[in-house]
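Tertiary structure, described
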Number of protein chains: 2
Amino acid sequence: MNFISRDTDYAVRALIFMAGVSKKEIITVDEIVKKERLPERFLRRILQRLAKSGILTSHKGKKGGFSFFVPPAAIRLTDIMEIFQGKIDLTNCLLKSKVCPNVKKCPLRKKLKNLGQGLDTELKKITIVSLSKER
Amino acid sequence: MNFISRDTDYAVRALIFMAGVSKKEIITVDEIVKKERLPERFLRRILQRLAKSGILTSHKGKKGGFSFFVPPAAIRLTDIMEIFQGKIDLTNCLLKSKVCPNVKKCPLRKKLKNLGQGLDTELKKITIVSLSKER
DNA sequence: TTTAATGATACTAATATAGTATTATTAAAA
DNA sequence: TTTTAATAATACTATATTAGTATCATTAAA
Ligand code: FES
Ligand code: FES
């Protein structure tokens with residue numbers, strides 16, 4: 001089971017690259033593609049989606065490109081995952097009403113909820129900046 | 001992101017049903033299908049796989065069916081997930097060598113490893129019997 | 001030898017993921 | 001104002017995974 005999809009992976013790589021250049025600068029897709037060797041059109045769509053989601057700002061026209069809207073220190077891995085993969089929700093009912101009809105009382109549900117929340121708080125500590133520092 | 005695939009879901013339902021009947025009895029696929037309303041041929045394959053994996057024993061011929069090889073108290077949710085979905089491995093390198101080249105030192109990796117192990121030990125506590133008791 | 005069960009394997013359908021192509025829009029700069 | 005260098009929108013295609021079906025072989029009890 002894979003935890004990270006390719007969209008998330010590419011998005012994170014691109015963001016880390018952008019954070020590494022200079023926080024306020026506008027960076028073009030081509031620059032990222034050249035350095036990170038990612039498929040151009042695919043990455044375009046990913047960045048567009050990041051812009052729509054309010055992580056990046058897009059600048060059209062000549063001298064255009066993308067820049068951070070949210071500062072990279074405030075962009076969490078979970079934010080990116082949520083955009084491309086949806087919420088990581090361990091607390092979803094595992095077995096549907098057929099097996100476990102008593103949703104309110106189900107201790108499994110409770111247990112998983114706690115687990116999920118623990119995982120979530122830990123994951124939320126991982127930001128683009130904390131990742132880019134590793135390099 | 002869905003944590004539990006349908007195979008796992010159906011397998012767990014079938015096993016809970018079987019555990020509810022009588023521990024040693026041989027149960028046919030048809031019985032399970034009727035009670036749990038699962039797609040017959042699909043469930044067959046699932047039970048076959050459980051037999052191959054050593055969870056169940058299959059009995060061919062008339063009066064045949066499936067019985068537990070591993071007692072339901074010892075069958076963990078994670079065992080089933082592993083059979084149908086592979087290991088839940090948070091510790092996989094998230095970003096490949098492109099982003100995070102220093103696999104040995106990477107603190108993210110370390111952090112995720114701890115997270116994953118925590119999740120794993122908690123999940124391992126959930127067994128077929130503990131689930132069937134909820135009902 | 002009939003019958004009622006599983007075993008093996010191949011096939012199909014639906015959905016999700018990954019990636020490409022095309023045309024429109026925008027804004028700087030010549 | 002026209003050219004140019006960028007993104008926007010949207011539709012398409014390819015591949016992989018998941019979900020489910022069909023067929024025929026095997027087995028063992030009655
Ligand atoms: S598993 Fe769904 S309520 Fe218990
Ligand atoms: S994310 Fe892979 S080694 Fe750090």
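Before going further, it helps to examine the protein's contact with DNA strand C. Arg 6 and Arg 41 of chain A together with Arg 44, Gln 48 and Ser 58 of chain B are the nearest of the 26 residues found near DNA strand C. By atom count, sugar and phosphate contribute 63% of the portion of DNA strand C lying within 4 Å of the protein. Between DNA strand C and Arg 6 of chain A there is a distance of 2.7 Å, counted from a phosphate oxygen to a side-chain nitrogen or oxygen. Here a phosphate oxygen of DNA strand C and a side-chain polar atom of Ser 58 of chain B are 2.3 Å apart.

In this structure, Arg 37 of chain A is a non-glycine residue whose phi angle is positive, near 55°. For Arg 37 of chain A, the location among the structural elements is in the loop between α2 (29-36) and α3 (40-52). Relative accessible area serves as the criterion here: at 67%, Arg 37 of chain A is assigned to the exposed category. Even without being glycine, Lys 63 of chain B reaches a positive phi, approximately 65°. Inspection of the secondary structure assignment puts Lys 63 of chain B in the loop between β1 (56-59) and β2 (65-68). By relative accessible area, which is 78% here, Lys 63 of chain B ends up exposed.

So, on to helix α1 (residues 6-21) of chain A. Between its first and last C-alpha, α1 of chain A extends 23 Å over 16 residues, near the 22 Å set by a 1.5 Å rise per residue. With respect to burial, α1 of chain A is a largely interior element, 12 of its 16 residues being buried.

Here we come to the packing of helix α2 (residues 29-36) of chain B against helix α3 (residues 40-52) of chain B. Residue and element names in this part refer to chain B. At a minimum axis separation of 10 Å, α2 and α3 run at an interaxial angle of 125°. With respect to each other, α2 and α3 are oriented oblique. For α2 against α3, the interelement crossing comes out right-handed. Taking contact as the criterion, the partners of Val 29, Asp 30, Ile 32 and Val 33 in α2 are, on α3, Glu 40, Leu 43, Arg 44 and Leu 47.

Quick look at the protein's contact with DNA strand D now. Around DNA strand D there are 25 residues in total, and Arg 44 and Ser 58 of chain A together with Arg 6, Arg 41 and Phe 42 of chain B lie nearest to it. The sugar-phosphate portion of DNA strand D accounts for 62% of its atoms within 4 Å of the protein, the bases making up the rest. Val 29 of chain A places a main-chain nitrogen or oxygen 3.0 Å from a phosphate oxygen of DNA strand D. Within the side chain of Ser 58 of chain A, a nitrogen or oxygen atom sits 2.4 Å from a phosphate oxygen of DNA strand D. Residues belonging to the surface near DNA strand D are distributed by class as follows: 5 nonpolar, 8 polar and 12 charged.

All names here are of chain A. The full count for this structure, using the stated rule, is 2 aromatic pairs over all chains. Measuring from ring centre to ring centre gives 5.8 Å for Tyr 10 and Phe 42, while their planes differ by 80°; the resulting arrangement is edge-to-face. Of this pair, Tyr 10 sits in helix α1 while Phe 42 sits in helix α3, placing them 32 residues apart in sequence.

Parameters and conventions
- Residues numbered from 1 in each chain as written.
- Chains lettered and ligands numbered in written order.
- Predicted model: local features only at pLDDT ≥ 70, side-chain atom pairs only at ≥ 80, totals over all residues.
- Heavy atoms only, no water.
- Near = heavy atom within 4 Å.
- Polar contact = N/O pair within 3.5 Å; in protein donor to acceptor, adjacent residues only side chain to side chain.
- Helix = DSSP H or I, 4+ residues; strand = E, 2+ residues; numbered from the N terminus.
- Buried < 20%, exposed > 50% of the residue type's maximum accessible area, 1.4 Å probe, protein only.
- Expected span 1.5 Å × (residues − 1).
- Axes fitted to C-alpha atoms, helices over the stretch in contact; angles between N-to-C directions.
- Parallel < 35°, antiparallel > 145°, perpendicular 65-115°, else oblique.
- Left-handed = near helix turned anticlockwise from the far one by under 90°.
- Contact = heavy atoms within 4.5 Å.
- Nonpolar A, V, L, I, M, F, W, Y, C, P; charged D, E, K, R; others polar.
- Phe/Tyr/Trp six-rings, centres within 6.5 Å; stacked < 30°, edge-to-face > 60°.

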